[in-house]
Each structure stands twice: as C-alpha cells, then as structure tokens.
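# Breakdown of the fold
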Amino acid sequence: MARVTTTNRRDALRAGAGLVAGGALAAGCGTGPKTTAAAQSTTARTTPESAMNSPKTPKSPSPTRPAPAPRAYPGQPAQITHGPRTRPRVALTFHGQGDPAIAHTLLDTAERHGARLTVLAVGTWLDEHPDIARRILDGGHDLGNHTQRHISVNDLAEADARKEITDCADRLRRLTGSIGTWFRPSRAPTASALVAALARRAGYPHVLSYDVDSLDYTRPGAAAVTRKVLSEVREGSVVSLHFGYEDTVAALPDVLTELDRRKLRAVTTTELLS
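Anyway, here's the lowdown on the structure attached to this text. Predicted model only: the values in this text are computed from it and were never measured. (Residues numbered from 1 in each chain as written. Predicted model: local features only at pLDDT ≥ 70, side-chain atom pairs only at ≥ 80, totals over all residues. Heavy atoms only, no water.)

The subject of this paragraph is the overall build of the protein. Check the secondary structure of the protein and you find eleven helices and eight strands. A total of 274 residues make up the protein; the buried ones form 49% of that total. The long-range share in the protein, meaning contacts at least 24 apart out of those at least 6 apart in sequence, stands at 84%. As presented, the protein carries roughly 12200 Å² of accessible surface, and 53% of it is formed by carbon and sulfur atoms. (Helix = DSSP H or I, 4+ residues; strand = E, 2+ residues; numbered from the N terminus. Buried < 20%, exposed > 50% of the residue type's maximum accessible area, 1.4 Å probe, protein only. Contact = heavy atoms within 4.5 Å. Areas by Shrake-Rupley, 256 points an atom, 1.4 Å probe, with all protein chains shown as cover.)

The following block contains the structure:
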C-alpha cells in the first residue's frame, strides 16, 4: 500500500507526536479518521446510498469454536495497566477500526511471528466488517469491546455511556456468542468511575488500560513507533497500538523481532494474566 508524504507533512506529524508526549493529546486513543481515505473512497463507490444511510445488522457467522467470555482476575485492580513483571510476556493490544486490509495484514504478521494480539473492536467497525470478528478469534487472538461509536465515553451521560458499552457488547455476542473478553474505553486511557461501573454491570469485571502508548495514531513514522514501544516495553507490559495506520504495519515486524531477541513473548492479555 503506497504512502504519499512530504517533508513538511512528516515534520508536522512529528511535532504532533511531541504535543502528545507533552499532554496536548493525552486521551491516549486515536483521534484520526476511522478509515483510510482509500477505504472511504471504496465504500462510496461500491455501497448504494440507501445502504449507507440505513443501520447495518451484522450477520452471525457459524462459530468454529466457542468464543471466550470475560473473567475476573483475583488480585488484579478494576483497571488493569499491566500484567506480572516476573514473567517474560507482553500483550500487544490494538484498537479495532479502520481499513480491514490493514487489520488483516497486522494479524497475518503477528501469526507468522508466533505472536497473539488483543483486539478491542469498535461496534460500528464490526457492523461494516462482521467477518473480521471470527477472523480474530480463529487466529487465536483476544477480542474485546471498544464502545459502539468510538466517541469520548467518559464525557457522556450515564444512559448514553451505557448504550455505547452494551451496543458493542451486543454486536460481539451476535457475531461470536460472547460479549468479548475485555472492555477498553474509547478516547481515554482509563475509564471514569461511572464508565468502569457500567462496564462491570455489562459483564466486564476489569477495564483494560495499558502502560505503553505507541502513539502510532499520530502517524510519526514506523521508526518512531518502533522506538517508542521498544524503549518502554518490559515484562508484563500492555502496549496500546491501532489498526488503520500504515506506520503500525511497517513497525510491527521490527517490534516482534526485537521482542523475540529479548525473549519477551507477545501473548493475548488473557494469557498475560493467567
């Protein structure tokens, strides 16, 4: 997939990454477009206007294996940022939205390296690409809930925040038979007390946060993503990454190769905490 960049754009993106590090974009969740421009163009060309303006109900593919359900981890906090620091394991977690071709490439790359990922899927993304839920599970990866519309869930009124969580959970249940193994709030690294309580009521004993933010959503370049992750990752780390960004596709092989050299296994969050 070709990338067209300019020196001025690269400088601007790096400046944006600096602002993130300083707190200007401290939401810790991608604020860019939900799909690449190419994907949006393809949708516009191939989807009838009536379908684009109508709500989509994902079909339920026949499950090839039971989908895991959430579970409580005694001794772990309500909001988990990392796993045990005594075992050589890390969890690479991906915010699930954007161009599905990029998602498939990242999943394929991980599997070639013997790695397993955790994908927190956006409900509208599942509506548009229902087959990807089963693809994630059949690859041995974790699949969880990243709200229905990927809006700032911590800023919503209680009823609206509940709907964001349960609507995505309903999609996951319809597609896989489970509400997913994890919940992560959208547009924030951690959940407010209200959102954490709503997630528990929806069936998620823990909120999944992270201790390493790749900042890939700022599009700083593959080398910058690789450096950021590898400079901070250690035993038990939970790393935040995103589907939908080509920098992440380019960075992942180097990240996985170096993790392997350090004898750190990239596993699902479930395995990290088990």
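This is not the end of the story, as more comes after the structure.
Further remarks concern helix H10 (residues 246-261). Because an α-helix completes one turn every 3.6 residues, residues spaced three or four positions apart along the sequence face the same direction. Counted at 1.5 Å a residue, the expected span for H10 with its 16 residues is 22 Å, and the 24 Å between its end C-alpha atoms agrees. Leu-252 marks where H10 bends most, by close to 35 degrees; the proline Pro-253 follows one to four residues later. After H10 finishes, the residue Lys-263 shows a positive phi value of roughly 60 degrees. (Expected span 1.5 Å × (residues − 1). Bend = angle between axes of the 7 residues up to and from the residue.)

The next point concerns unusual backbone geometry. Not every positive phi belongs to a glycine, and His-150 is a case in point at roughly 55 degrees. Mapped onto the elements of the fold, His-150 is located in the loop between strand E4 (142-145) and helix H7 (158-176). A positive phi angle, near 55 degrees, is found at Arg-219, a position not held by glycine.

Our next topic: the packing of H7 against helix H8 (residues 193-202). Relative orientation of the contacting elements H7 and H8 amounts to 45 degrees, with a least axis distance of 10 Å. In terms of axis orientation, H7 runs oblique to H8. Judged by the sense of rotation from one axis to the other, the crossing of H7 with H8 is right-handed. Touching Glu-158, Ala-161, Arg-162, Ile-165 and Thr-166 of H7 are Leu-194, Val-195, Leu-198, Ala-199, Arg-201 and Ala-202, all from H8. Among the residues forming the contact of H7 with H8, the class breakdown is seven nonpolar, one polar and three charged. (Axes fitted to C-alpha atoms, helices over the stretch in contact; angles between N-to-C directions. Parallel < 35°, antiparallel > 145°, perpendicular 65-115°, else oblique. Left-handed = near helix turned anticlockwise from the far one by under 90°. Nonpolar A, V, L, I, M, F, W, Y, C, P; charged D, E, K, R; others polar.)

Among the eight residues of strand E2 (residues 89-96), eight are classified as buried, and the element is accordingly described as predominantly covered. On E2, burial covers both faces: Arg-89, Ala-91, Thr-93 and His-95 on one face and Val-90, Leu-92, Phe-94 and Gly-96 on the other are all buried. Relative to strand E8 (residues 265-267), E2 is paired through three bridges, and the arrangement is parallel. Its bridge partner lying in E8, Arg-89 is registered against Arg-265. (Pairing = 2+ DSSP bridges.)

So, on to the pattern of salt bridges. Applying the stated criterion to the full structure yields 14 salt bridges. The partner of Asp-108 in a salt bridge is Arg-135, and the shortest N-O contact between them spans 2.8 Å. Of this pair, Asp-108 sits in helix H4 (residues 100-112) while Arg-135 sits in helix H6 (residues 131-138), and the two are 27 residues apart along the sequence. Arg-262 is the salt-bridge partner of Glu-258, the closest N and O atoms lying 2.9 Å from each other. In this structure, a network of salt bridges that share partners links the residues Asp-108, Glu-111 and Arg-135. (Salt bridge = Lys/Arg side-chain N within 4 Å of Asp/Glu carboxyl O.)

In this section: the nonpolar core. Core analysis: the biggest nonpolar cluster contains 53 residues, and Leu-92 and Leu-259 have the highest contact counts within it. The residues contacting Leu-92, other than those within four sequence positions of it, are Leu-117, Thr-118, Val-239, Leu-241, Leu-252, Leu-256, Leu-259, Ala-266 and Val-267. Grouped together as the second largest cluster of nonpolar side chains are eleven residues, Tyr-73, Ala-91, Trp-182 and Leu-273 included. (Core = buried A, V, L, I, M, F, W, Y, C linked by side-chain atoms within 4.5 Å.)

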